[in-house]
Amino acid sequence: MAERVTVTIDGAQVSVPKGTTLIEAAKQAGVLVPHYCYHPSLPSPAVCRMCLVEVEKSPKLLPACVTTVADGQVVHTNSVGAKKAREGVLEFLLINHPLDCPICDQAGECELQDYTFQEGRAEGRHDDYPKRYNPVEEFGPDVLYVPNRCILCTRCVRFMEDVAKDGVLNVSERGDRAYIGMFPERELDHPWAGNVVDLCPVGSLISKDFLHKARAWDLDRTASVCPGCTQGCNMTIDTRDNTVVRLRPRANLEVNRHFMCDEGRMNYRWMNRGDRVEAPLVKDGPRHQAIDWEQALDRLAQLVRGAAGSAVILASGRASTESLGLVRRMLAGFNLTAAVAVPMGEEAPLAGVPGLALRRERAGNLIGARILGYDAEWTAALAAAATAAIVVLLDVELTGAEVARLAGAGAVVALATMESEGTSRADLVLPITTLAEENGTYVNVDHRVQRFQQAKSPPGMARPAWWLAGEVLVAAGETVEAPATAAEAFAALGVSYPAFAGLTHQELGFTGRVLRSVPAGAAG
Amino acid sequence: MGYPHPSHPKETPVLSKHFGDAGARTYEGWVQRGGYAGLRKALGMAPDAIIEELKASGLRGRGGAGFPTGLKWSFMPKGDGKPHYLVCNADESEPGTFKDREIMRWTPHALIEGCAVAAYAIGAERCYIYIRGEFTEPLAVMHQAVAEAYAQGALGADALGSGMRIDFVIHRGAGAYICGEETAMMNSIEGKRGNPRIKPPFPAAAGLFGMPTTINNVETLAAVPHILNRGADWYKGLCLGNPKSTGTKLISVCGHVQRPGNYEITMGTPMRDLIFDMCGGMRPGRTLKAVIPGGSSVPIMNAEEAGDCVLDYEGVIAKGSMLGSGGMIVMDDSADVVYQVWRLARFYAHESCAQCTQCREGTAWTTKILERILAGKGKEADLALLLDLSDGMTGKTICVLSDSCAAPIVSGIQKFRPEFEAYLSGARQPALAMA
Amino acid sequence: MSGATQAHADTPHQPIFVGEVQARLEALYPHYPTRQACLLPALWMVQEARGWISEPAMAEVAEVLGLTPAYVKGVVTFYTMYHTHPVGRHFIQVCTTSPCNLCGAEDVLKSLLRESGCGELGATSPDGRFTIAEVECLGACGFPTPILIDDDFIEHVTPERVPGILQGYK
């Protein structure tokens, strides 16, 4: 147990472990010390000088980001001296910083704007001296560098050097001629480079993908989890007018700290696809006929009751734990083969954060699927599907060849987000929601169950897969009540799957929980 | 001596005794002149005894900070098992200062001997001598002298047969005033940009390559063998003023005096004796206007303050400035104080490492304001602005370059305000054309 | 150093750290606990060999010392004595900081710019002999005005002495 130290910050007394910095101790006292260069996931250089605070008995203001607590310290973050110092830093930063707010993407989520509004000078005194000018540079496939806006906090340099361990950025020159430089013939193309855009407190490093796309104040932000691989980086889905415009990492010190990889970050366009299944469809001759949910659920219940023998579920690794679990329970009476699709890719670790990597298994809920018994090998499952009484496709887009393998199957039910060859072949197509359109959970490589939340409304009549499975279970007399929310669906999992017994959505919070025990054979 | 001028009776030649004496440069020549006896004696003493002697002598850092040398050496941990390093700061770049250059090019073995004693005293087996890149002659002379010292067995695995290892590495700088700051110097030796480090940790705890390190100025180290040879009491006795300022100080006098040069004075010597006796006073028809006593980073003194100022650490502080490096810039009535303040601000703006916001932007901004004033386009509010910005640049940064830029600005406006106002009112013609 | 072996900006980069130069660099390795600490000495060796430090040269230094090229470039651009583009055969540094400024340094600078044919700071004279830079305090304030021509540190330069001094450099 680390030795603890008591300090008073702005009148609030807190007890923190010895070695804690004042800036972190202040957070516990509910005080945010304004800062730029400091970041909890980067080494601290104390160069911006924004975090200078007054500490009683110290002759000079001290930088809160590197000063460690001493027992009995009394700190004032808003003393006259501290405020004047911050006002000074802001004025100095603004003498060369262009008045780009009207055309700068960072507006509305800019820390220079925020602190200047909060405590900067109303008018600068730099008068009519020309401002330093350098042209915009393309740093990499997605990152633009606008040197004029740079406040030289060096977070980007430290991230690439110390966290990505790919020293492609430097500080070039000296004094007020300094800028962030690169070496020609190298690009900012590291698999995790996009994080520098989030780290940049101002609009100096910006994303080409997001350039001029939306204003920060128009965005709705929803807590979610990246479906791209088994790492399960926590992310925020930014939407405007029900369209996903950006994904950003969300802090989770146990999973991804403050970062997400570029592949996950850029993978959001599928959430806006228009080629969705919007209504339940039943096969009528060569074509599909749209029906309502009541009819669709009846039809599905008939198919499930009427078949005997073997069933096959071919599921996407992006399906939620709730959906995977309840769909499997729906087919509990069959000799069941359940498989999950696992696209593979190259691993890309973030060298400076042990345990953080873009994983080879590009399926966000692979581990959840395995724990729920989706353990069949894909080609074996396809072979079994050829003679199965009922085949359920859960959010998978099969290839033409794979669909052809289903020719001999009894009934094919497609729980589908997008239209595909599989939905064309299916006898019954039920429209389901994507992770962006529902609440649910994924289980990551460390067996941490994490919640994601609904960021946009689903198209047409789409509903979560767990919902329709729940309805079928009630119709079949298997359960008394169908779960009405994802939380209820999750709680219901515990009945059939001991790994989840007793766990609730509420307990998972926003950083998730590692499962206590994992059944044998469920390892990812 | 007031090299290049003959020694003045009011000087106390200890370090400067052999300036101008080419024979002092060789190992043999130095031994003939009493050299390496101090090192021999030191190697026969316990390191703690050497440190105590240094403490008793009252020697303080001669690079500018004036920190007690013996005390600094005593901060080094003992028995920690880590490699210790001594760094000799030969980056001499403080405007007005040119003493370390003379010590190196005339008496290189004096420095070698002093560094060797210090290294032994602090448990360091390796000493890095960081010489600024522009000092081509000192570099050549020191390389030659170090090679000689190795050849003669004064350095190396068995220094003077003592069984102790003392190795020297000469490291050449590449043009950065800020590398004279001790933590920036360590970064520069490590192959990095010369950015000063935050303290704590202090060098004695984690310095060069993360190991316990002591950094001392050339003049400080050159004094060490003399203290061992002649005793702490002798050094302490060299004191004409405050007892906390002992020994001799090389004052590099430059600017508007008849005989600019390095003058070695006993601590406590009156400034007027130095300027008007030793340096021969003003040029014909000229009167003293201002003195910057300790290198450009200390406040400017006016003639009245200089008139009864005592040259030791406390004496100059009493007059509102600092002894600093002892680089004394003298200005007579022909000098344009506003122009020189601008030129100094330009110096600091050029040398800022760019880490801290106030320094990076403030040094450049104050330079622009002063330039505009000199171009006849200054505004009435500019003086108050300069003072306010200087306050914002003081006491808020990782190192004191920012404060050093503010010092001449604040003292210049405080003591020579009419000169600034003459530009503002148009009474004085512009000295610059704005770009 | 004389500019005798100045590399032109457009010729393909020939490795510098081979043979004798490589041996000199490797002789430094035992003096420092890290390769990185050999960076400033290595850059001096590059400038001695080629007259300036090109980007391919930075990349070579990076490879030899196990650093990234961007890192090396960040260090090179920090220190003003390293040239990042070709200069005249003889590089002249003139101090104009206050102590020398008080003693006529600006007149010395003007004289040098005129007599050398350079005309302005940073420009190379038409005959390729000289490039002149205005530098900060050279640490010889008692001997105004000091100048550096290559490695020659010349004190007490006055406008009158300039033509004679320049004649010695071809």
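Residues numbered from 1 in each chain as written. Chains lettered and ligands numbered in written order. Predicted model: local features only at pLDDT ≥ 70, side-chain atom pairs only at ≥ 80, totals over all residues.

On to the overall build of chain A, then. A tally of regular secondary structure across chain A gives 15 helices and 25 strands. Taken over the C-alpha atoms alone, chain A extends approximately 85 × 50 × 35 Å along its principal axes. Relative to its 524 residues, chain A shows a buried fraction of 51%. By sequence separation, contacts in chain A at least 24 residues apart represent 63% of the contacts at least 6 residues apart. (Helix = DSSP H or I, 4+ residues; strand = E, 2+ residues; numbered from the N terminus. Buried ≥ 20, exposed ≤ 12 C-beta atoms within 10 Å, placed from the backbone. Contact = placed C-beta atoms within 7 Å.)

What follows covers the overall build of chain C. Check the secondary structure of chain C and you find seven helices and four strands. The order of helices and strands in chain C, counted from the N terminus, is α-α-α-α-β-α-α-β-β-β-α. Once the C-alpha set of chain C is aligned to its principal axes, its extents read approximately 50 × 35 × 25 Å. Expressed as a percentage of contacts within chain C between residues at least 6 apart in sequence, the contacts between residues at least 24 apart total 61%.

For the rest of this paragraph, the subject is the environment of B:Ala381. Looking at where B:Ala381 falls in the secondary structure, it is placed in helix 16 (residues 381-392). Once the C-alpha coordinates of B:Ala381 and B:Ser57 are considered, the two residues, 324 residues apart in sequence, prove to be 50 Å apart.

Quoted interface sizes are often the accessible area lost when the parts come together. Domain assignment breaks chain C into domain 1 (3-76) and domain 2 (90-167). Here the C-alpha centre of domain 2 of chain C lies 28 Å away from the C-alpha centre of domain 1 of chain C. (Domains from an automatic or database assignment.)

Attention now goes to the pairing of strand 17 (residues 335-341) of chain A. Residues and elements named next belong to chain A. Among the seven residues that make up strand 17, five are buried, leaving the element largely enclosed by the rest of the structure. The pairing of strand 16 (residues 310-316) with strand 17 spans seven bridges and is classified as parallel. Note on strand 17: the bridge partner recorded for serine 316 is alanine 341. As for the winding sense of the linkage, the β-α-β connection from strand 16 through helix 8 (residues 321-330) to strand 17 is right-handed. (Pairing = 2+ DSSP bridges. Right-handed = clockwise from strand over helix to strand, strands pointing away.)

Attention shifts here to helix 14 (residues 337-351) of chain B. The periodicity of an α-helix, 3.6 residues per turn, causes residues three or four places apart in sequence to face the same way. Taking 1.5 Å per residue, 15 residues should reach 21 Å; helix 14 of chain B reaches 21 Å between its end C-alpha atoms and fits that length. Where burial is concerned, most of helix 14 of chain B is hidden: 14 out of the 15 residues are buried. (Expected span 1.5 Å × (residues − 1).)

In this assembly, nine residues from chain C lie in contact with 13 residues from chain A. Here the element with the most residues in the side of chain C that touches chain A is helix 4 (residues 69-76) of chain C; it accounts for five residues. The class makeup of the residues in the side of chain C that touches chain A is four nonpolar, three polar and two charged. (Nonpolar A, V, L, I, M, F, W, Y, C, P; charged D, E, K, R; others polar.)

Once that is clear, we can look at the interface of chain B and chain C. Listed by partner, the interface residues are 46 residues for chain B and 33 residues for chain C. The set of elements that each furnish at least two residues to the side of chain B that touches chain C consists of helix 7 (136-151), strand 3 (167-172), helix 8 (182-189), strand 5 (248-255), strand 6 (261-266), strand 11 (327-332) and helix 14 of chain B. When residues in the side of chain B that touches chain C are grouped by element, the largest group, six residues, is from helix 14 of chain B. Its residues placed into classes, the side of chain B that touches chain C shows 17 nonpolar, 18 polar and 11 charged.

This part takes up the sheet that holds strand 4 (residues 152-154) of chain C. All names here are of chain C. Strand order in the open sheet formed by four strands is 2-1-3-4, and the pairing between neighbours is mixed. Sheet topology places strand 2 (130-135) and strand 4 at the edges, where each strand pairs with a single neighbour. Strand-to-strand, the axes of this sheet are offset by a mean angle of 20 degrees, without reference to chain direction. Taken strand by strand, helix 6 (residues 105-116) contacts strand 1 (90-95) and strand 2, and its axis lies near 160 degrees from that of strand 1. (Axes fitted to C-alpha atoms, helices over the stretch in contact; angles between N-to-C directions.)

So, on to the pairing of strand 1 (residues 4-9) of chain A. Residue and element names in this part refer to chain A. In terms of strand pairing, strand 1 meets strand 2 (residues 12-17) through six bridges, oriented antiparallel. Of the residues in strand 2, the one forming a bridge with threonine 8 is glutamine 13. As paired elements, strand 1 and strand 5 (residues 74-76) share two bridges and run parallel to each other. Opposite threonine 8, over in strand 5, you have valine 74 as the bridge partner.

Inside soluble globular proteins, nonpolar side chains tend to come together where they are buried. In terms of nonpolar packing, the biggest core is built from 355 residues, with A:Leu314, A:Ala315, A:Val391, A:Leu393, A:Leu394, B:Cys88 and B:Cys115 touching the most fellow members. A:Leu393 has contacts with A:Leu314, A:Leu398, A:Val412, A:Ala414, A:Leu415, A:Ala416, A:Gly422 and A:Ala426, leaving out every residue within four places of it along the chain. (Core = buried A, V, L, I, M, F, W, Y, C linked by C-beta atoms within 7 Å.)

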